[in-house]
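# Residue-level structure breakdown
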Amino acid sequence: MFNDLPHEALCTLSEKKSTLSHNKGQILFLEGTLPMGLFCISEGKVKIFKTDDSGREQIVRLAKEGDFLGYRALLSGENYNSSATILEEAKVCFIPKSSFKELIGKDTNFQNRLMQAVCHDLGIMEQKMADMANKTVRQRLATTLLMLKNSYGIDGDEKTEIDIALTREDLAQVVGTATETVIRLLSEFKKDNLIDIKGKKIAVLDEEGLAREINLFA
């Protein structure tokens, strides 16, 4: 999002930003708190999740290098509507709210890119809600595995390993089901030679087979 900024604006941001290293499990921000600035992931991965009244988590997004976090709350002036936790060791840049808003006020091109990003994120959220309503749990898991493969896959001999440290509980929170259900369905997918499992690592063996599970191919 910062690629086309003038050199002077980039220099100003660099002077104002701070970069911190974070360990797995550390919290970046909490649902219901007031945003103080913009987060940008330099290295590592972060999960963004919401918590329902019973305390159960639902992962709404998995962020990686280059992704921005917290800008919707900054733009709206509202509290965060979700929380963010480090999934694996990460370096995260932080830009104070005053510097971010100063940039928005000065650069109309940046404003437009920001609005496009907000609309894109809203579209993804709407699609996710539709998927949750219209797909079975098995279809949602297949969809999630394909999404993870496309975003975090490392190609190898006849398989693509998903390079993200997700626990089975994390995976269940993405899919929106019980951990036991995810474990059972993963075993079924492995038996059907759609995936391979070694410890916590999952590799996709048959992308088209997973796509058939969600009726992408006849």
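Each residue is numbered by its place in its chain's sequence as written, counting from 1. Whole-chain, interface and lining totals are the exception, using all residues; otherwise, since this is a predicted model, local features are given only for residues with pLDDT of at least 70 and side-chain atom pairs are given and counted only at 80 or more. As a convention, hydrogens and water are excluded, and side-chain values are obtained from all of the structure's heavy atoms.

- Labelled according to an unreviewed UniProt entry, the protein appears under the name Crp/Fnr family transcriptional regulator, originating from Marivirga lumbricoides.

## A short note on helix α6 (residues 168-175)
- Summary of the burial criterion: residues with accessible area below 20% of their type's maximum are buried, those above 50% are exposed, and those between are partly exposed, where the area comes from a 1.4 Å probe applied to protein chains only. In this text, helices come from DSSP runs of H or I with a minimum length of four residues, and strands from runs of E with a minimum of two, each type numbered from the N-terminal end. Among the 8 residues of α6, 7 are classified as buried, and the element is accordingly described as predominantly covered.
- Taken as a whole, α6 has its buried residues at Arg168, Asp170, Leu171, Ala172, Gln173, Val174 and Val175.
- Of the residues flanking the end of α6, it is glycine 176, one or two places downstream, whose phi is positive at about 85°.

## Some points on the confidence of the model for the protein
- One confidence number per residue, pLDDT, is output by the predictor and ranges from 0 to 100. Across the protein, the average pLDDT comes to 87, with 96% of residues at 70 or higher.
- When pLDDT is averaged over each element of the protein, helix α7 (residues 179-191) comes out on top at 95 and helix α4 (residues 108-134) at the bottom at 75.

## A look at the pattern of salt bridges
- The term salt bridge refers to a side-chain nitrogen of Lys or Arg lying within 4 Å of a carboxyl oxygen of Asp or Glu. Within the structure shown, the criterion is met by 14 salt bridges.
- In this structure, the salt-bridge partner of lysine 47 is glutamate 57, at a minimum N-O distance of 3.4 Å. Of the two residues, lysine 47 is situated in strand β3 (residues 37-51) and glutamate 57 in strand β4 (residues 57-63); the sequence distance between them amounts to 10 residues.
- Residue classification places lysine 47 among the buried positions, given a relative accessible area of 10%.
- Among the salt bridges present, the one from arginine 138 reaches glutamate 213, with a minimum N-O distance of 2.7 Å. Of this pair, arginine 138 sits in helix α5 (residues 137-152) while glutamate 213 sits in helix α8 (residues 207-213), and the two are 75 residues apart along the sequence.

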